[in-house]
Amino acid sequence: MTLKTTARAALLALLLCGAAMPALAQSNPPVPAILTTPEAHDIHSYAQPLVARVTHVDLDLTADFAGQKMTGTAALDIAAAPDAKEVVLDSKGLVIHGVADDKGAALPWTLGKADPNLGAPLTVQLNGARRIVVSYDSAPGGAALQWLTPAQTAGKKKPYLFSQGEAILNRTWIPTQDSPGIRQTWTARIVAPEGLKAVMSAEMLTPDGEPVAGGRAYRFKMDKPVASYLIAIAIGDLTFTPLGQRTGVYTEPSVMKKTAYELVDVEKMVEAAESLYGPYAWGRYDLLVLPPSFPFGGMENPRLTFATPTIIAGDRSLVSLVAHELAHSWSGNLVNNATWSDFWLNEGFTDYFENRIMEKLYGKARADMLADLGWSDLQDAIKDAGGLTGADTRLHLDLTGRDPDDGMTDIAYQKGATFLRTIEKAVGRERWDAYLKDYFARHAFQSQTTAGFVADLRANLIKGDPKLEAEIGIDKWVYDVGLPANAVHIKSAAFPAVDALAAAYAKGGPAPLAKWKAWSTPERTRFVASLPRELSKERLAALDKAFGLSAQGNSEIRFVWLELAVANRYDPAVPSLEAFLTDQGRRKFVAPLFKDLMAQGDWGQPIAKRLYAKTRPLYHAVTRQTVDGIVK
Ligand code: BES
Ligand code: ZN
């Protein structure tokens, strides 16, 4: 640290002012103090927030579809100690044209050596400035932005752009301090071509845009401090349908009807979530349902969840994904992981919370099925991590020298949620819920470390009770590998019957068609997933015929069926596999199927290579990067 202690204290005092105010009670919470503990140091950012820290970003960008780049300026407000000489920003592949202070005087800057994961530090000499303006273009081929051709959209007529920031991708289009522990308020002015609408994860000040040279300008404002990975944009042929008083959905016109039908319960979900853990802090809650190359199921961009169209099943059976992204409005956006090693604080809490929303809205039977499927996912994740002694079975991850993406497995989600269920069981639901609600309020608009959460848990829930401390075993859960013996496994009362029918079918019994028709999506998923990985061609064909599996429109069921088919080298399912891998690019579906194919030697590898040559250009960089490591 180059800063003198006194200067650092001055900066901290500056940042801390207002931090004691109850954040939820006011509309503009203060930009919170950066965390100063060693465990809050973010190894995935070049920022030196104790020297100079970005507090606010103003973007003024034009979306250049022909050149596939965003071009314009980012003006940054900087909090810095009086004697701070420079501010260090994150950047990856950005084309920097220049940096100036707010009076237009040029400021010296340098781009350091680029790391393949982290990109390069952009260091700007402040010369006393506390607001700097960076002129730049986004990185050519940068990972955050996907520029879609009209053919990749539902309407097939207009191009489309969307961004994905988490974990460290936003540095490919925004030169700021791209660290989850450094919250920033922001605004944007975005010029989009005429005929396309821009939306962002912020308050929309100009819903219809304003005519300007080269298209329409759209303005946005986020006056609550957020982590930089939560700044998101999409531009396309978008319409809007309200779902409730403060909820609605954006998507392309040709798919709006079925999309709005699917999401009819969103307003009720917000109410259910609020009844559990306190007021929704972000004003509106809207969704954007994207074209099928969106690499995730969903992304919790504030005020505007981004979601894959693969949840639009026609029967509202996959809406737990909405519950998940909505839950992040508390666990993730209000209180977020300070570093990527603390990722489980985002996803474990959210998986737990998601299930509570589902229980509240649709009852315990449905919630238990989802939780039990999650338990199976946990077992698979432990296997994938190398078994119970695998280093990445830890909740708090060691990501030294690694891309944060490498540690982002189902362990964070499912072991994290299981840990919280284990605490719930130990203290009782009432006490646990009261604690959680209070926890979100006390840490609102702040970043949190694993150690910080553990300390809070001890101070405000355990309160020195030695019996409780021993019963839960907090440190073992958080810092050790494997799965503690007290792990709470929620068992669906419906699954034993499903499992029995699957076992019977494997032994030559009939396809249980009447049951299948009556089953919900989790039961159907469970049935197919629990069939033995070795089945005869005849058994597979009979199943496919009875249940229409190859033609399944439900993406979760189609996925487990294709996994079973690939495991058995079942040729008749290859056209269905090809269509599924072409028609959507959700990494959770695409990557395991390519992995399964590659595991099937001289049968699967040629298929994988042939399909990937065709589908790779359709996928987002996130999916491409993962599959590139699988199909070689
Ligand atoms: N925040 C995640 C998506 C994410 C994770 C992006 C890691 C980048 C890095 C999002 O909330 C999420 O968990 N999505 C899941 C769906 C959920 C229902 C488990 C997904 O995309 O599958
Ligand atoms: Zn999530």
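Predicted, not measured: the structure shown is a model, and the values here were computed from it. (Residues numbered from 1 in each chain as written. Chains lettered and ligands numbered in written order. Predicted model: local features only at pLDDT ≥ 70, side-chain atom pairs only at ≥ 80, totals over all residues. Heavy atoms only, no water.)

**Q** Quick rundown of the sheet that holds strand β15 (residues 233-236)? Include the residues and the values.
**A** Spatially, β8-β9-β15-β11 is the arrangement adopted by the four strands of the open sheet, whose pairing is antiparallel. The sheet is open, and its two edges are formed by β8 (145-148) and β11 (197-200), each paired on a single side. Mean inter-strand twist for the sheet, computed between neighbouring axes without regard to direction, equals 15°. Taken together, the four bridges between β8 and strand β9 (residues 160-163) define a ladder with antiparallel strand orientation. Its bridge partner being in β9, Leu 148 is matched across the sheet by Tyr 160. (Pairing = 2+ DSSP bridges. Helix = DSSP H or I, 4+ residues; strand = E, 2+ residues; numbered from the N terminus. Axes fitted to C-alpha atoms, helices over the stretch in contact; angles between N-to-C directions.)

**Q** Break down the nonpolar core for me, citing the residues and quoting the values.
**A** Counting residues in hydrophobic clusters, the biggest one holds 147 residues, and the most contacted among them are Ile 132, Trp 173 and Phe 419. Counting contributing residues, this core receives three or more from each of domain 1 (5-237) and domain 2 (335-479). (Core = buried A, V, L, I, M, F, W, Y, C linked by side-chain atoms within 4.5 Å. Buried < 20%, exposed > 50% of the residue type's maximum accessible area, 1.4 Å probe, protein only. Domains from an automatic or database assignment.)

**Q** Tell me what's going on with unusual backbone geometry, and back it up with residues and numbers.
**A** Looking along the chain, the bond that leaves Glu 166 and enters Ala 167 is cis, with omega of 0°. Structurally, the position occupied by Ala 167 is in the loop between β9 and β10 (184-192). The residue Gln 68 is not glycine, and still its phi comes out positive at about 50°. Tracing the backbone through its elements, the reader meets Gln 68 in the loop between β1 (52-64) and β2 (69-80). Although it is not a glycine, Asn 127 sits at a positive phi angle of roughly 45°. By the element assignment, Asn 127 lies in the loop between β6 (120-125) and β7 (131-137). Here Asn 127 falls in the exposed class, since its relative accessible area comes to 59%.

**Q** Outline the confidence of the model for the chain, listing residues and values.
**A** Averaged over all residues, the pLDDT of the chain is 95; the fraction at 70 or higher stands at 96%. Throughout residues 16-26 the model reports pLDDT below 50, and contacts reaching past four residues in sequence, or to other chains, amount to 12 contacts. (pLDDT = per-residue confidence, 0-100. Contact = heavy atoms within 4.5 Å.)

**Q** Tell me about the domain arrangement of the chain, and please be specific about residues and values.
**A** Examined at the domain level, the chain breaks down into domain 1 (5-237), domain 2 (335-479) and domain 3 (495-631). Each partner contributes to the interface: domain 2 provides seven residues, whereas domain 3 provides eight residues. Each partner contributes to the roughly 640 Å² buried at the junction of domain 2 and domain 3, and carbon and sulfur atoms together form 56% of this total. Of all residues in domain 2, the largest losses of buried area upon contact with domain 3 belong to Met 369, Leu 373 and Asp 405, amounting jointly to 64% of the total for that side. For the pair domain 2 and domain 3, the interface holds one salt bridge. Among the salt bridges present, the one from Asp 405 reaches Arg 587, with a minimum N-O distance of 2.7 Å. Linking domain 2 with domain 3 are two residue pairs in polar contact (both at pLDDT 80 or more). (Buried area = accessible area lost by both parts, 1.4 Å probe. Salt bridge = Lys/Arg side-chain N within 4 Å of Asp/Glu carboxyl O. Polar contact = N/O pair within 3.5 Å; in protein donor to acceptor, adjacent residues only side chain to side chain.)

**Q** Residues and numbers for the pattern of salt bridges, please.
**A** A side chain of one charge can pair with a side chain of the opposite charge if their charged atoms are brought near each other. Scanning the entire structure with this criterion turns up 31 salt bridges. Among the salt bridges present, the one from Arg 171 reaches Asp 178, with a minimum N-O distance of 3.0 Å. Between Lys 268 and Asp 265 there is a salt bridge whose closest N-O contact spans 3.4 Å. Through salt bridges that share partners, Asp 58, Asp 77 and Arg 131 make up one connected network.

**Q** For the sheet that holds strand β3 (residues 86-91), give the residues involved together with the corresponding values.
**A** Within the open sheet, the three strands sit side by side as β3-β6-β5. Their pairing is antiparallel. The sheet terminates laterally at β3 and β5 (109-111), the two strands that pair on one side only. Averaged over all neighbouring strand pairs, the angle between strand axes comes to 20°, with direction disregarded. The pairing of β5 with β6 spans three bridges and is antiparallel. Paired with Trp 109 across the bridge in β6 is Val 124.

**Q** With reference to specific residues and values, describe the coordination of the zinc ion (ligand 2).
**A** Looking at the metal site, the zinc ion (ligand 2) is ligated by His 324 (NE2), His 328 (NE2), Glu 347 (OE) and Glu 347 (OE), spaced 1.9 to 2.7 Å from it. For the zinc ion (ligand 2), the six donor atoms in the first shell make angles of 53 to 161° at the metal, so the coordination geometry reads as irregular. Read in sequence order, the donor residues coordinating the zinc ion (ligand 2) give the pattern H-x3-H-x18-E. With His 328 in the loop between α4 (320-327) and β21 (335-337) and Glu 347 in helix α5 (residues 343-362), the pair connects residues that are 19 residues apart, well separated along the chain. Of the two residues, His 328 and Glu 347, both sit in the buried class. (Donors = N, O, S within 2.8 Å, 3.2 Å for Na, K, Ca; no water. Tetrahedral: all angles 85-135°; square planar, octahedral: opposite > 155°, others 65-115°.)

**Q** Which residues make up the environment of Asn 301, and what values do they have?
**A** Mapped onto the elements of the fold, Asn 301 is located in the loop between β19 (298-299) and β20 (304-307). Placed 62 residues apart in sequence, Asn 301 and Gly 363 show a C-alpha to C-alpha distance of 27 Å. Apart from the residues within four sequence positions on either side, Asn 301 is in contact with Ser 201, Tyr 229, Leu 230, Ala 232, Phe 306 and Asn 333.

**Q** Please provide a residue-by-residue account of the site of ligand 1, values included.
**A** Around ligand 1, the surrounding shell holds 16 residues, and the nearest of these are Glu 166, Gly 297, Glu 300, Glu 325 and Tyr 413. One of the side-chain nitrogen or oxygen atoms of Glu 300 is found 2.7 Å away from a nitrogen atom of ligand 1. His 324 places a polar side-chain atom, nitrogen or oxygen, 3.1 Å from an oxygen atom of ligand 1. Taken by itself ligand 1 offers 520 Å² of open surface, and the protein chains cover 89% of this. Mapped by element, the contributors of at least two residues to the shell around ligand 1 are β19, α4 and α5. (Near = heavy atom within 4 Å. Areas by Shrake-Rupley, 256 points an atom, 1.4 Å probe, with all protein chains shown as cover.)

**Q** For the packing of helix α17 (residues 574-583) against helix α19 (residues 601-615), give the residues involved together with the corresponding values.
**A** Contact geometry of α17 with α19 gives a least axis separation of 10 Å together with a crossing angle of 35°. α19 is crossed by α17, and the crossing has right-handed handedness. Taking contact as the criterion, the partners of Val 574, Leu 577, Glu 578, Leu 581 and Thr 582 in α17 are, on α19, Trp 603, Ile 607, Arg 610, Leu 611, Lys 614 and Thr 615. Broken down by class, the residue content of the contact of α17 with α19 amounts to six nonpolar, two polar and three charged. (Left-handed = near helix turned anticlockwise from the far one by under 90°. Nonpolar A, V, L, I, M, F, W, Y, C, P; charged D, E, K, R; others polar.)

**Q** Residues and numbers for the side chain of Thr 251, please.
**A** As for its placement among the helices and strands, Thr 251 is situated in strand β17 (residues 247-251). Separated by 2.8 Å, the side chain of Thr 251 and the backbone oxygen of Val 289 make a polar contact.

**Q** Describe the packing of aromatic side chains, with residues and values.
**A** Enumeration according to the criterion identifies 35 aromatic pairs in this entry. Between Trp 340 and Phe 343 the ring centres are 6.5 Å apart and the planes differ by 55°, which places this aromatic pair in the tilted class. Each member of the pair Trp 340 and Phe 343 is classed as buried. Ring plane angle 65° and centroid distance 5.3 Å describe the contact between Phe 594 and Tyr 612, whose orientation is recorded as edge-to-face. Highlighted residues: Phe 594 in helix α18 (residues 587-598) and Tyr 612 in helix α19, separated in sequence by 18 residues. Positioned above the aromatic ring of Tyr 261, the side-chain terminus of Arg 316 is 3.7 Å from the ring centre. (Phe/Tyr/Trp six-rings, centres within 6.5 Å; stacked < 30°, edge-to-face > 60°. Lys NZ or Arg CZ within 6 Å of the ring centre and 35° of its normal.)

**Q** Give me the pairing of β10: which residues, what numbers.
**A** Counting buried residues along β10, seven of its nine residues qualify, which places the element largely inside the surrounding structure. Bridging between β1 and β10 involves seven bridges; their strand directions are parallel. Paired with His 56 across the two strands is Thr 185, which belongs to β10. As paired elements, β10 and strand β14 (residues 215-226) share eight bridges and run antiparallel to each other. Opposite Arg 189, over in β14, you have Arg 219 as the bridge partner.

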